[in-house]
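In case you want the letters, here they are:
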There are 2 protein chains.
Amino acid sequence: MLRMSRVPSIAPQTGTAAQILDVAERLVQTRGYNGFSYADIASELGVTKATLHYHFRTKAELGGRLMVRYTESFGSALASIGAAESSALEKLQSYVQLYGEVIRDERMCLCGMLAAEYATLPPSIQVEIRRFFDVNEQWLTTVAEQGREANTLRFDGAPAEMARLLVSTLEGAMLIARSYDDPARFDASARRLLDEMTPRADA
Amino acid sequence: MLRMSRVPSIAPQTGTAAQILDVAERLVQTRGYNGFSYADIASELGVTKATLHYHFRTKAELGGRLMVRYTESFGSALASIGAAESSALEKLQSYVQLYGEVIRDERMCLCGMLAAEYATLPPSIQVEIRRFFDVNEQWLTTVAEQGREANTLRFDGAPAEMARLLVSTLEGAMLIARSYDDPARFDASARRLLDEMTPRADA
DNA sequence: GTCTATAGGTGGATAGAC
DNA sequence: GTCTATCCACCTATAGAC
């Protein structure tokens, strides 16, 4: 389809398609998949709906590509945190901060939002939702294992279970914090959970 | 159609209005507020959309009354649990079970679902969402205080913060468990969190 | 690649007969 | 209380000109 064939590979993501994804992403994160329309994106970008359909034939395709981009971007951030020379606890704190930036932008996690609307979404998007959570849990499981091994993290049970607890708590805390327009609610719950995992001096 | 007009006042909630609320509740919990229409309810009940508008003038009014009924019903359940002669830990287990029944019915918490769509909802519904969370947090705060006092619960920090952490975790765990159609995911996260709050024999 | 124009469907909501 | 009939705004999507 020769999309953006002239854009030098050095300067990416400034084309129309990327702008559409940017606006769509914010709309899904704030209003949900069933809460925005092509007309919303078009008016914001100053183009027509037909233009959007040229770049993304259907809304389902737009949603799917949105999720793929989001998971890729998130995965890169996780890889970066994972590669750093920091303790497992510090890595978890960085992880929490990723979510914190989203909630401070008055958004919900893209994937948490779509998880709520799961039953109404096309299967191609449903698959991507689970993939996002899988990526998160795998990364967290590894960090949890390393942390307990090195005594920088303290918790009972399987690392994979702790990973799922972390994701659940952060997603839920975002959901509620947004209803109160109060990011501090997210911070408090995240901090309390991490505190439970911090090795105690008296132990 | 003379629907149940003869039912004695002893047998409540069998009228058309209650049936509409029942169907609407399930639809919101599975598909979200923006994921269902009057046509969905009407076809399921075998009536026309006009009938729905007779009982609930607007969708916003239907949504508001749905939330009020839900919070009332939930509040009754909490009062019942709170009045029982059981330990604070057992009360928390009963609380978790309330959510567990919802997820086992393949539903999301009505309020968690609406919290996701918060930005698209009429203010009259937004108010009710926060009220639901407030009711939950107040009840949990009381239970947490009593439990720590009686040494049947163990946790650091303010009881109100622990209450918020509990709600966040349960809501998030429901959100994710539903995407995997796996209630066990909810159970595992809930159990792990309660385990952290269980007094240890070696302490 | 973006436009105008429009198709075909569904959304919430109302008027008026019964 | 429930129906038929209808309104109009909005939805996703397409055809074809430029």
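Above this text you will find the structure in question.
Residues numbered from 1 in each chain as written. Chains lettered and ligands numbered in written order. Predicted model: local features only at pLDDT ≥ 70, side-chain atom pairs only at ≥ 80, totals over all residues. Heavy atoms only, no water.

Undergrad: How should I be thinking about the packing of aromatic side chains in this particular structure?
TA: Each aromatic ring pair is summarised here by two numbers: the centre-to-centre distance and the angle between the ring planes. Residues and elements named next belong to chain A. Taken as a whole, this structure holds 18 aromatic pairs over all chains when the rule is applied. On the numbers, 5.6 Å between centres and 70° between planes, the contact of F74 with Y99 is edge-to-face. Of the two residues, F74 is situated in helix 4 (residues 59-83) and Y99 in helix 5 (residues 88-104); the sequence distance between them amounts to 25 residues. As far as burial versus exposure is concerned, F74 and Y99 are alike and both buried. One aromatic cluster is present, formed by Y70, F74, Y95, Y99, F132, F133 and W139 through successive ring pairs. (Phe/Tyr/Trp six-rings, centres within 6.5 Å; stacked < 30°, edge-to-face > 60°. Helix = DSSP H or I, 4+ residues; strand = E, 2+ residues; numbered from the N terminus. Buried < 20%, exposed > 50% of the residue type's maximum accessible area, 1.4 Å probe, protein only.)

Undergrad: Is there a simple way to explain the layout of surface pockets in this structure?
TA: Empty space among the atoms becomes visible once a probe the size of a water molecule is rolled across them. All names here are of chain B. Taken as a whole, the largest pocket spans an internal volume of roughly 270 Å³. In terms of lining residues, the largest pocket is bounded by E25, Q29, R69, Y70, S73, F74, A77, L98, E101, V102, D105 and R107. By residue number, the principal contributor to the lining of the largest pocket is helix 4 (residues 59-83), which donates 5 residues. In the lining of the largest pocket, the residues fall into 5 nonpolar, 2 polar and 5 charged. (1 Å grid on protein atoms, 1.4 Å probe; cavity = no way out; pocket = protein on both sides within 12 Å on 5 of 7 lines; lining within 4 Å. Points joined across faces, edges and corners; volume = space filled by probe spheres on them. Nonpolar A, V, L, I, M, F, W, Y, C, P; charged D, E, K, R; others polar.)

Undergrad: What exactly am I supposed to notice about unusual backbone geometry here?
TA: Comment: phi is negative for the bulk of residues other than glycine, and the bulk of peptide bonds are trans. Residues and elements named next belong to chain A. Of note, E106 is a non-glycine position whose phi angle comes to about 60°, a positive value. If you check the backbone angles, D181 has positive phi at about 50° while not being a glycine. Within the secondary structure, D181 sits in the loop between helix 8 (159-179) and helix 9 (183-197). Classification of D181 as exposed rests on a relative accessible area of 55%.

Undergrad: How do you make sense of the protein's contact with DNA strand C when you look at a structure like this?
TA: The immediate surroundings of DNA strand C are formed by 20 residues, with T48, T51 and H55 of chain A together with H53 and K59 of chain B found nearest. Within the side chain of H55 of chain A, one N or O atom sits 2.7 Å away from a phosphate oxygen of DNA strand C. Separating a phosphate oxygen of DNA strand C from a backbone N or O atom of K59 of chain B is a distance of 2.7 Å. Within the residue set of the surface near DNA strand C, elements represented by two or more residues are helix 3 (49-55) of chain A together with helix 2 (38-45) and helix 3 (49-55) of chain B. Broken down by element, the residue count for the surface near DNA strand C peaks at 4 residues, all from helix 3 of chain A. (Near = heavy atom within 4 Å. Polar contact = N/O pair within 3.5 Å; in protein donor to acceptor, adjacent residues only side chain to side chain.)

Undergrad: Help me understand the pattern of salt bridges in this model?
TA: In a structure, side chains of opposite charge can pair up when their charged atoms sit close to one another. According to the stated counting rule, one finds 26 salt bridges over all chains in the structure shown. Of the charged contacts, one joins R200 of chain A and D156 of chain B as a salt bridge, the two residues approaching to 3.6 Å between their closest N and O atoms. In this pair, R200 of chain A sits in the segment after helix 9 while D156 of chain B sits in the loop between helix 7 (123-149) and helix 8 (159-179), so the two residues belong to two different chains. Relative accessible area serves as the criterion here: at 43%, D156 of chain B is assigned to the partly exposed category. As a salt-bridge pair, R65 of chain B and E61 of chain B come within 3.3 Å of each other at their nearest N and O atoms. Note that R65 of chain B and E61 of chain B are positioned in helix 4 at a spacing of 4 residues, about one turn of the helix. (Salt bridge = Lys/Arg side-chain N within 4 Å of Asp/Glu carboxyl O.)

Undergrad: Please clarify how the environment of T142 of chain A should be interpreted in this entry.
TA: Residues and elements named next belong to chain A. Considering the arrangement of structural elements, one finds T142 in helix 7 (residues 123-149). The exposure class of T142 is partly exposed, given its relative accessible area of 37%. Considered as a pair, T142 and G82 are 60 residues apart in the sequence and their alpha carbons are 9.3 Å apart.

Undergrad: Looking at this structure, how should I read the interface of chain A and chain B?
TA: It is common to report an interface's size as the accessible area lost on association of the parts. Taken together, the contacts link 43 residues of chain A with 43 residues of chain B. Here chain A packs against chain B, burying approximately 3,900 Å² in sum over the two surfaces, 53% of which is carbon and sulfur. Area buried by chain A at its contact with chain B is led by L175, S179 and R192 of chain A, which between them contribute 16% of it. Where chain A touches chain B, the interface holds 6 salt bridges. Our enumeration of links across chain A and chain B arrives at 17 residue pairs in polar contact (both at pLDDT 80 or more). Mapped onto the side of chain A that touches chain B, the elements with two or more residues apiece are helix 1 (16-31), helix 6 (110-116), helix 7, helix 8 and helix 9 of chain A. Counting residues per element, the side of chain A that touches chain B draws most heavily on helix 8 of chain A, at 14 residues. (Contact = heavy atoms within 4.5 Å. Buried area = accessible area lost by both parts, 1.4 Å probe.)

Undergrad: Looking at this model, I keep getting lost on the protein's contact with DNA strand D. Mind explaining?
TA: For DNA strand D, the set of nearby residues contains 20 residues, the closest of which are K49 and K59 of chain A together with T51, Y54 and H55 of chain B. H53 of chain A is positioned with one of its side-chain polar atoms (N or O) 3.2 Å from a base nitrogen of DNA strand D. Side-chain polar atom of T51 of chain B to a phosphate oxygen of DNA strand D: 2.6 Å apart, as the coordinates give it. Of all the secondary-structure elements, those providing two or more residues to the surface near DNA strand D are helix 2 (38-45) and helix 3 of chain A together with helix 3 of chain B. With 4 residues, the top contributor of residues to the surface near DNA strand D is helix 3 of chain B. Considered class by class, the residues forming the surface near DNA strand D number 8 nonpolar, 8 polar and 4 charged.

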